[in-house]
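A structural walkthrough
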Amino acid sequence: PAGGGSHHPLVAVMPRKFLVAVDGSAGSEAALAAACELLKADDELILLHATQLVPTSIFDPLSDQITLITNYELRQKADALKAQHADVIAAHNATWLDFEGDPRHILVEKAAELDVDYVCVGTHGKGVVKRALLGSVSDYVVHHCATRVLLVPAAAAE
């Protein structure tokens, strides 16, 4: 344009989708807090919880009973976690999603399926050995998710 100034057309800002992994840990609470800080009025907040159930065995009836009780308790914990986040859900008109299965795979799968802009995951601060042996949800998501991943350390919640 004349006068040397630049002329920028108005750009519509599209609402963003934030998918936050919630498991009740300090890291996931820090990730949720960070996502809430980044939210703008029209953005969408989705809280996702995945419960890794214990597989049952047809060969050991006593073990099977213990497994059923353990899985029942895990489901109860998931319900309590949703209730614990009721204020955040209401304040941001958020969606709560609850699945059974490996949290790593579910997060990556749902991020793609829901076409989210950001996946927010807390880090637990596991050491190198624990992470190698047990795996890390955040590590898996960073390496397998096709969208932006926001990692928030548990220390950020303090």
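For the structure itself, consult the block above.
A brief structural summary. Note that this is a predicted model, so its numbers are computed, not measured.

**A look at the sheet that holds strand S3 (residues 95-100)**
In a beta sheet, neighbouring strands pair by backbone hydrogen bonds and run either parallel or antiparallel. Across the sheet, five strands lie side by side as S3-S2-S1-S4-S5; this open sheet has parallel pairing. The sheet terminates laterally at S3 and strand S5 (148-153), the two strands that pair on one side only. Between one strand axis and the next, the sheet turns by 25° as a mean value, whatever way the strands run. One ladder, built from six bridges, connects strand S2 (residues 44-51) with S3; its direction is parallel. Residue pairing in the sheet places alanine 50 in a bridge with phenylalanine 99 of S3.

**Some words on the packing of aromatic side chains**
This model, assessed by the stated rule, comprises one aromatic pair. We note arginine 104 situated over the ring of tyrosine 140; from NZ or CZ to the ring centre the distance is 5.4 Å.

**Observations concerning the pattern of salt bridges**
All chains considered together, the criterion is met by four salt bridges. Arginine 16 serves as the salt-bridge partner of aspartate 43, at 2.6 Å between the closest nitrogen and oxygen. Separated by 27 residues along the polypeptide, aspartate 43 in the loop between helix H1 (26-38) and S2 and arginine 16 in the segment before strand S1 (17-21) bring together distant segments of the chain. Here lysine 110 ties to glutamate 113 by a salt bridge, and the two come within 3.1 Å at their closest N and O atoms.

**Comments concerning the packing of helix H4 (residues 103-113) against helix H6 (residues 137-144)**
Running from N to C, H4 and H6 point in directions that differ by 35°, and their axes come no closer than 9 Å. Crossing geometry of H4 relative to H6 is assigned as right-handed. Side by side, H4 and H6 meet where Pro103, Arg104, His105, Leu107 and Val108 of the first sit next to Val137, Tyr140, Val141 and His144 of the second. Of the residues in the contact of H4 with H6, the class split is six nonpolar, two polar and one charged.

Reading the values: the criteria
- Residues numbered from 1 in each chain as written.
- Predicted model: local features only at pLDDT ≥ 70, side-chain atom pairs only at ≥ 80, totals over all residues.
- Heavy atoms only, no water.
- Pairing = 2+ DSSP bridges.
- Helix = DSSP H or I, 4+ residues; strand = E, 2+ residues; numbered from the N terminus.
- Axes fitted to C-alpha atoms, helices over the stretch in contact; angles between N-to-C directions.
- Phe/Tyr/Trp six-rings, centres within 6.5 Å; stacked < 30°, edge-to-face > 60°.
- Lys NZ or Arg CZ within 6 Å of the ring centre and 35° of its normal.
- Salt bridge = Lys/Arg side-chain N within 4 Å of Asp/Glu carboxyl O.
- Left-handed = near helix turned anticlockwise from the far one by under 90°.
- Contact = heavy atoms within 4.5 Å.
- Nonpolar A, V, L, I, M, F, W, Y, C, P; charged D, E, K, R; others polar.

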